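Coordinate inspection notes
Okay, here's what each chain looks like letter by letter:
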Amino acid sequence: MFFSCNKSVAFNPESDIPSLAGKVILQCILEYARHSPSQIWLAARNPERCQAAADEIRQKVPNVPIRILEMDLASFDSIQKAAQTVLTESDRLDILMLNAGVMAVPPGLTKDGYEIEFGTNHMGHALLTKLLMPLLLKTTDTGAEVRVVSMTSTAFKQAPKDALDFPRLRTTAEDMGGFGRYSQSKLANILWARHLAKVYPQLTVASVHPGLVQTELMDRASEVPAIMRAFRGVAKMMAVTVDQGAKNQLWASVSEQVKSGEYYEPIGVSGQITDNAKDDQLAEKLWDWTQKELES
């Protein structure tokens, strides 16, 4: 479910990430800090944990220009405030990493009335990107290549047949189960990135699956099928480190091999996509519905 057995491309962040001098990045990974960016925005819901992560990075890369950005993806108000901070204090944005989210949490709604997983994993990122788009486009006007990388999961392959039943996206959708709701949100990530690439051809856009990674995401997931709960112990033994898990998104943010709008599994493996995830009509329908919701 979470694996790709295809041969990945060779990628060493230390040597294969080019100089980032003068570039601004939203969302921080340690490897970026090693390549001299002019600014990194580290966004998180909890500013204390965010600061602790920044301090840890500075121990390894002294004087790295990290800025803390408090943001809750389940709150449009919080996203708007965070975006305004970036727009006010940055004159460019070269890499936007959309890599936060929740997985298989109890049924609920965001502060703005969307199913909690869809609202956080899709709507929150869509609004953030929409608000930052003027800055992204301004950066392309300088001749820079601008990247948007959306974190998804191979869980999209388990999305229910009735996924993206639009009226139900404003309900708790309890009948779908936590993993069904998560899978739906991950399908939305791929479809939205696919259409974003069409609407903004001046950007390079990719959706990526990081692989099975040693994070707290599965531990916090409370609404998963019994077979997945039984799988947790095995999964932890097979999971890669966070540093390894970051490589696919790092690759997608800098590699010249990236085709805008595509989905990639670790590392740089394309073509592992289902029919509904490459349905351009569904992608356009999701895009139009999302834009209408955000505008209202």
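Residues numbered from 1 in each chain as written. Predicted model: local features only at pLDDT ≥ 70, side-chain atom pairs only at ≥ 80, totals over all residues. Heavy atoms only, no water.

**Description of the overall build of the protein chain**
Worth spelling out the cut-off: By the criteria applied, helices consist of DSSP H or I runs no shorter than four residues and strands consist of E runs no shorter than two, each listed in order from the N terminus. Buried means the residue's accessible area, taken with a 1.4 Å probe over protein chains only, is under 20% of the maximum for its type, while exposed means over 50%, and partly exposed covers the values in between. In this analysis, two residues are considered to be in contact whenever any of their non-hydrogen atoms come within 4.5 Å of each other. Residue exposure ignores everything except the shown protein chains as possible cover, and the areas themselves are Shrake-Rupley values with a 1.4 Å probe.
Looking only at helices and strands, one finds 11 helices and 7 strands in the protein chain. Residue burial in the protein chain is summarised as follows: out of 296 residues, 55% are buried. Of all intrachain contacts in the protein chain linking residues separated by at least 6 positions in sequence, the fraction that spans at least 24 positions is 74%. Summing over all exposed atoms, the protein chain offers an accessible surface of approximately 13300 Å²; the carbon and sulfur share of this is 49%.

**Brief notes about the pairing of strand β3 (residues 66-70)**
It is a general feature of regular strands that their side chains alternate between the two faces of the sheet. Where we set the bar: Strands qualify as paired when DSSP identifies two bridges or more between them.
Where strand β2 (residues 39-44) lies against β3, 5 bridges are found, and the strand directions are parallel. Following the sheet pairing, I40 is matched in β3 by I66.

**Some thoughts on the packing of aromatic side chains**
For any pair of aromatic rings, the description rests on two quantities: the centre-to-centre distance and the angle between the ring planes. Test applied: Within 6.5 Å between ring centres, the rings of Phe, Tyr and Trp (the latter by its six-membered ring) count as paired, and their orientation is classed by plane angle as stacked under 30 degrees, edge-to-face over 60, tilted in between.
In this structure the tally under the stated criterion is 8 aromatic pairs. A ring pair is formed by F179 and Y182, whose centres lie 6.1 Å apart and whose planes are at 40°; its orientation type is tilted. Of this pair, F179 and Y182 both sit in helix α6 (residues 177-199), 3 residues apart, which is roughly one turn of the helix. There is no split in this pair, since F179 and Y182 are both buried. Summarising the aromatic geometry, the rings of W192 and W287 are spaced 6.2 Å apart at their centres and angled 25° between planes, so their arrangement reads as stacked.

**Points about the sheet that holds β3**
Applicable threshold: Fitted lines through C-alpha atoms give the axes, limited to the stretch in contact for helices. The angle between two N-to-C directions lies from 0 to 180 degrees.
Strands sit in the order β3-β2-β1-β4-β5-β6-β7 across an open sheet of 7 strands; the sheet is parallel. At either margin of the open sheet sits one strand with a lone partner, and together these are β3 and β7 (262-264). Each neighbouring strand pair of the sheet contributes to a mean axis angle of 20°, computed without reference to strand direction.

**As for the confidence of the model for the protein chain**
What counts, and what does not: Known as pLDDT, the predictor's confidence for each residue is given on a scale from 0 to 100.
Looking at the protein chain as a whole, its pLDDT mean stands at 88, while 86% of the residues score no less than 70. Across residues 1-5, confidence stays below pLDDT 50; counting only partners more than four residues off in sequence or on other chains, it has 17 contacts.

**What about α6?**
To be explicit about the condition: For a helix, the expected span equals 1.5 Å multiplied by the residue count minus one.
Taking 1.5 Å as the rise per residue, α6 with 23 residues should run 33 Å; its terminal C-alpha atoms sit 33 Å apart, in good agreement. For α6, the tally of buried residues reaches 20 of 23 residues, placing the bulk of the element in the interior.

**Quick notes on the nonpolar core**
Where we set the bar: Here, the term nonpolar core denotes a set of buried Ala, Val, Leu, Ile, Met, Phe, Trp, Tyr and Cys residues that are joined through side-chain atoms within 4.5 Å.
Counting residues in hydrophobic clusters, the biggest one holds 51 residues, and the most contacted among them are L26 and L96. No other element matches helix α5 (residues 116-140), which puts 9 residues into this core. With near-sequence residues (within four places) excluded, L96 lies in contact with L26, L128, T129, L132, L136, R147, V148 and V149. Core analysis: the next-biggest nonpolar cluster, separate from the first, contains 30 residues, A33, V61, A252 and V258 among them.

**What about the packing of α5 against α6?**
Geometry of a packed helix pair, given as the angle between the helix axes and the separation of the axes. Heads up, the rule is: Each angle gets one of four labels, with under 35 degrees taken as roughly parallel, over 145 as roughly antiparallel, 65 to 115 as roughly perpendicular, and the rest as oblique. Under the grouping applied here, Gly and all other residues not named as nonpolar or charged are polar, the nonpolar ones being Ala, Val, Leu, Ile, Met, Phe, Trp, Tyr, Cys and Pro and the charged ones Asp, Glu, Lys and Arg.
At a closest axis distance of 7 Å, the pairing of α5 and α6 adopts a crossing angle of 25°. The orientation of α5 relative to α6 falls into the category roughly parallel. Where α5 approaches α6, its residues E117, F118, N121, H122, H125, A126, T129 and M133 are matched on the opposing element by G178, R181, Y182, Q184, S185, K186, A188, N189, W192 and L196. The class makeup of the residues in the contact of α5 with α6 is 7 nonpolar, 8 polar and 3 charged.

**What to know about the pairing of strand β5 (residues 146-151)**
To keep things clear, this is the line we draw: Handedness of a crossover is defined as follows: with both strands directed away from the viewer, a clockwise route from the first strand across the helix to the second makes it right-handed.
Within β5, 6 of the 6 residues are buried, which leaves the element mostly enclosed by the surrounding structure. Of the two faces of β5, the one lined by V146, V148 and S150 and the one lined by R147, V149 and M151 are each fully buried. Here strand β4 (residues 95-98) runs beside β5; their pairing, made up of 4 bridges, is parallel. Note that in β5 the partner of L96 across the bridge is V148. In terms of handedness, the path from β4 via α5 over to β5 forms a crossover that is right-handed. Two elements, β5 and strand β6 (residues 203-208), share 6 bridges in a ladder whose sense is parallel. Within the sheet, the bridge partner assigned to V149 lies in β6 and is A206. Handedness of the crossover joining β5 and β6 through α6: right-handed.

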